[in-house]
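Breakdown of the fold
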Amino acid sequence: MPDRLVSTDEIRSNTELPARRTDIELVTDDHLTLVGEIAEPLDRPARGTIVTLHPLPTAHGFMDSHVLKKAAARLPALADIAVLRFNFRSVTSPRGTSEGVFGDGVSEGFDLRAAVADVADRGLPTPWLVGWSFGTEVILKHALEHVEAGRVAGVVLLSPPLHRTSDEEIARWADVSVPVVALVPEHDDFLQPAEATRRFALAPNVRVVPVAGAKHLWVGERYVRIVLDAIADLVVPGSAPLPTHVPA
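Naming follows an unreviewed UniProt entry, where the chain appears as KANL3/Tex30 alpha/beta hydrolase-like domain-containing protein of Curtobacterium pusillum.

A word on the overall build of the chain. In terms of regular secondary structure, the chain is built from seven helices and 12 strands. Computed over its C-alpha atoms, the radius of gyration of the chain comes to 17 Å, within 12% of the 18 Å expected for a compact globule of 248 residues. With 248 residues in all, the chain has 54% of them scored as buried. Restricting to contacts in the chain with at least 6 residues of sequence separation, those with at least 24 account for 74%.

Turning to the pairing of strand β8 (residues 128–132), a few remarks are in order. Of all five residues in β8, five are buried, a share of seventy percent or more. Burial of β8 is two-sided: the residues Trp 128, Val 130 and Trp 132 facing one way and the residues Leu 129 and Gly 131 facing the other way are all buried. Strand direction decides the pairing type here: strand β4 (residues 48–53) and β8, joined by four bridges, are parallel. Paired with Ile 50 across the strands is Trp 128, a residue of β8. Here five bridges tie β8 to strand β9 (residues 154–158), and the two strands are oriented parallel to one another. What sits directly across from Trp 132, in β9, is Leu 158.

For the rest of this paragraph, the subject is the layout of surface pockets. Approximately 290 Å³ is the volume attributed to the largest pocket. As for the largest pocket, its lining consists of 17 residues, and the residues nearest its centre are Pro 55, Leu 56, Ala 59, Ser 133 and His 216. Its residues placed into classes, the lining of the largest pocket shows eight nonpolar, seven polar and two charged.

Bringing the pairing of strand β10 (residues 180–185) into the picture now. Burial analysis of β10 places six of its six residues in the buried class, which makes it a mostly covered element. Residue alternation in β10 divides its side chains into two sets, Val 180, Ala 182 and Val 184 and Val 181, Leu 183 and Pro 185, and both sets are buried. The pairing of β9 with β10 spans four bridges and is classified as parallel. Across the sheet, Val 155 pairs through a bridge with Val 180, a residue of β10. In this view, the connection linking β10 to its parallel neighbour strand β11 (residues 206–211) by way of helix α6 (residues 193–200) has right-handed handedness.

As a further point, take the UniProt feature "domain: KANL3/Tex30 alpha/beta hydrolase-like" (unreviewed entry) in the chain. Following the UniProt record, the feature "domain: KANL3/Tex30 alpha/beta hydrolase-like" (unreviewed entry) maps to residues 63–218 here. Secondary structure over residues 63–218 splits into 35% helix and 21% strand, and the C-alpha atoms at its two ends are 16 Å apart.

Time to look at the pattern of salt bridges. Overall, the coordinates contain 22 salt bridges when judged by the stated rule. Its salt-bridge partner being Arg 95, residue Asp 23 comes within 3.6 Å of it at the nearest N-O pair. Placement of Asp 23 in strand β2 (residues 20–27) and of Arg 95 in the loop between β6 (92–93) and β7 (96–97) is noted, with a sequence separation of 72 residues between them. Taking relative accessible area as the criterion, Arg 95 reaches 23% and is therefore assigned partly exposed. Residue Glu 221 pairs with Arg 225 through a salt bridge whose shortest N-O separation is 3.0 Å. Taken as a pair, Glu 221 and Arg 225 lie in helix α7 (residues 221–235) at a separation of four residues, close to a single helical turn. With relative accessibility at 23%, the residue Arg 225 sits in the partly exposed group. Residues participating in the shared-partner salt-bridge network are Glu 10, Arg 12, Arg 74, Glu 221 and Arg 225.

Here is what the cut-offs are and how they apply
Chains are numbered independently. Their residues run from 1 in the order of the written sequence. Only residues with pLDDT of at least 70 are given local features in this predicted model, and only at 80 or more are side-chain atom pairs given and counted; all residues enter the totals for whole chains, interfaces and linings. Values shown for side chains rest on all heavy atoms present in the structure; no hydrogens or waters enter the calculation. Secondary structure elements follow DSSP: runs of H or I no shorter than four residues count as helices, runs of E no shorter than two count as strands, and numbering proceeds from the N terminus. Both definitions apply: the radius of gyration is a C-alpha atom measure, and the globule rule equals 2.2 Å times residues to the power 0.38. Three labels apply to residues, based on accessible area from a 1.4 Å probe with only protein chains included: buried if under 20% of the type maximum, exposed if over 50%, partly exposed otherwise in between. It only takes one pair of heavy atoms within 4.5 Å for two residues to be counted as in contact. In this analysis, strands are considered paired if DSSP registers two or more bridges between them. In this analysis the probe radius is 1.4 Å and the grid spacing 1 Å, with only protein atoms considered; a cavity is a set of points the probe fits into but cannot get out of, a pocket is an open set with protein on both sides within 12 Å along at least five of seven lines, and lining residues have an atom within 4 Å of a point. Grid points are joined across faces, edges and corners, and a volume is the space filled by probe spheres set on the points. Under the scheme applied here, ten amino acids are nonpolar (Ala, Val, Leu, Ile, Met, Phe, Trp, Tyr, Cys and Pro), four are charged (Asp, Glu, Lys and Arg), and all others, including Gly, are polar. Crossover handedness is defined here as right-handed if the route from the first strand over the helix to the second strand goes clockwise, with the strands pointing away from the viewer. UniProt positions are given in the numbering used here, feature names are shortened, and annotations may be inferred rather than shown by experiment. A carboxyl oxygen of Asp or Glu within 4 Å of a side-chain nitrogen of Lys or Arg is what we treat as a salt bridge.

Shown next, in the form of structure tokens:
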């Protein structure tokens, strides 16, 4: 008799696996309330945590942008990873609307600080920051204070455009002691692997990982799985490749 049954139900784009899902509110240092959710393993402690930072609000980015929503739907069950998602200031999703106005990556540093503090207050494992597009800009501008204080275990940059990130800001990451991994789509609309390698040469410890065939929005289950496998294996080493079918 096998120790574990294997389900024949394939994990698809709308699959949501069991987790403890809690609506949360984050209060920023400039007195705004942001809405979000944390998803934790259903019946065991988390072995890792990620804080997600979504794509550009003015281009319809929000906490439910598909890669981040799928991370919350799968990683608690498949890799024992807690996933915190939230709407940046001014952003609306089915969860609700965060207060404030769009800060073009500047005042969103307060939003990041509130999210990192919330993870610490909950006693969860020290988080990795996972930014996608605009979210990577917020990380590169504002996350060093949290890295240097030991409040961040590592960083994943998905499709970094580096539009709002100056060379000086990139260079400040040259001496960080935590892993920083940039997943760069081969066919990205804004920054492709060769240019990403050139820009990040100012911070050689940033590992640029080209992803063949992928585009900026990571459309397609193949590319979602590549992203989630990479995140899972960084946050909880050995947890990837993730199952492609629903565990029985």
